[in-house]
Amino acid sequence: DTEVTQTPKHLVMGMTNKKSLKCEQHMGHRAMYWYKQKAKKPPELMFVYSYEKLSINESVPSRFSPECPNSSLLNLHLHALQPEDSALYLCASSQAWGLGDSGANVLTFGAGSRLTVL
Amino acid sequence: AQTVTQSQPEMSVQEAETVTLSCTYDTSESDYYLFWYKQPPSRQMILVIRQEAYKQQNATENRFSVNFQKAAKSFSLKISDSQLGDAAMYFCAYRSARVFSNQFYFGTGTSLTVIP
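All values reported here derive from a predicted model rather than from experimental measurement.

J.: Which residues make up the interface of chain B and chain A, and what values do they have?
T.: Contacts between the two partners involve 26 residues from chain B, matched on the other side by 36 residues from chain A. For the pairing of chain B and chain A, the buried interface totals around 2400 Å² over both sides, and the portion due to carbon and sulfur atoms is 52%. If you look at where chain B meets chain A, you find 0 salt bridges. The interface formed by chain B and chain A holds 6 residue pairs in polar contact (both at pLDDT 80 or more) in total. Among the elements of the structure, β5 (32-39), β6 (46-52), β10 (88-96) and β11 (104-106) of chain B are those that each provide at least two residues to the side of chain B that touches chain A. Sorting elements by how many residues they give to the side of chain B that touches chain A places β5 of chain B first, with 4 residues. Looking at side-chain class alone, the side of chain B that touches chain A contains 13 nonpolar, 7 polar and 6 charged residues.

Dropping the structure here:
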């Protein structure tokens with residue numbers, strides 16, 4: 001299995017709603033990432049989990065709450081979002097360290113969850 | 001932090017022709033990895049090609065090849081025999097080879113149009 005699976009593909013929510021985005025991988029990767037991407041822009045890093053522990057938080061507002069229940073799953077809990085939070089949210093995974101020519105250094109992306117906040 | 005620069009926001013190429021996308025980066029590290037990712041309008045970001053900095057030989061993957069100039073900190077992508085399916089956003093990315101370095105740095109992207 002060489003895929004990162006994200007659900008849902010599309011999500012529409014109001015500013016008072018609570019929702020979650022989910023991400024799953026079975027490649028044995030121990031680093032998992034959340035990125036936010038606006039149209040025609042590069043992905044912006046939000047969070048990185050390494051060995052199920054939060055290792056990077058790029059000063060993301062607290063209305064975004066990540067969770068890594070185990071080595072295969074990554075969630076992003078959403079609460080009280082703003083319309084400007086509407087974007088494509090990408091999950092990705094990689095090996096937790098960069099070593100040699102193993103191909104382990106590659107970032108593998110999911111297809112994304114398109115979020116619209118009304 | 002490392003920076004990755006893609007100076008061509010948009011490029012176009014005739015079908016079956018060759019196009020080169022530019023990427024430069026800034027780093028003080030000697031060992032790192034470079035990548036080109038493709039994101040078609042359907043949005044899935046996929047790896048096109050990767051290069052290890054310690055390797056002098058340029059990476060190739062079928063119609064895709066890179067020109068890696070370590071001293072110049074340049075990493076361009078050449079697409080030969082361009083096909084309609086090559087139309088996409090292309091992002092250059094950098095990753096340190098330091099152990100447990102999980103930060104990937106992306107360029108701003110180049111939007112490639114393929115003209116039939």
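J.: An account of the state of the cysteines is needed here, citing residue identities and associated values.
T.: Taken as a whole, this structure holds 2 disulfides over all chains when the rule is applied. Each disulfide pairs two cysteine sulfurs, and for C23 of chain A the partner residue is C91 of chain A, the sulfurs being separated by 1.9 Å. One disulfide, between C23 of chain A and C91 of chain A, carries an S-S torsion of -70° and so falls in the left-handed class. With C23 of chain A in strand β3 (residues 18-25) and C91 of chain A in strand β9 (residues 87-94), the pair connects residues that are 68 residues apart, well separated along the chain. Comparing C23 of chain A with C91 of chain A shows no difference in burial state: the two are buried. Here C23 of chain B pairs with C92 of chain B through a disulfide, and the sulfurs are 2.0 Å apart. Across the disulfide from C23 of chain B to C92 of chain B, rotation about the S-S bond amounts to roughly -70°, and the bridge is consequently left-handed. Here C92 of chain B lies in strand β10 and C23 of chain B lies in the loop between β3 (19-21) and β4 (24-26), a separation of 69 residues in the sequence. Exposure class is identical for C23 of chain B and C92 of chain B. Each is buried. The closest cysteine sulfur to the non-disulfide-bonded C68 of chain A is located on C23 of chain A, 9.2 Å from its own sulfur.

Reading the values: rules and limits
- Residues numbered from 1 in each chain as written.
- Chains lettered and ligands numbered in written order.
- Predicted model: local features only at pLDDT ≥ 70, side-chain atom pairs only at ≥ 80, totals over all residues.
- Heavy atoms only, no water.
- Contact = heavy atoms within 4.5 Å.
- Buried area = accessible area lost by both parts, 1.4 Å probe.
- Salt bridge = Lys/Arg side-chain N within 4 Å of Asp/Glu carboxyl O.
- Polar contact = N/O pair within 3.5 Å; in protein donor to acceptor, adjacent residues only side chain to side chain.
- Helix = DSSP H or I, 4+ residues; strand = E, 2+ residues; numbered from the N terminus.
- Nonpolar A, V, L, I, M, F, W, Y, C, P; charged D, E, K, R; others polar.
- Disulfide = S-S within 2.5 Å.
- Buried < 20%, exposed > 50% of the residue type's maximum accessible area, 1.4 Å probe, protein only.

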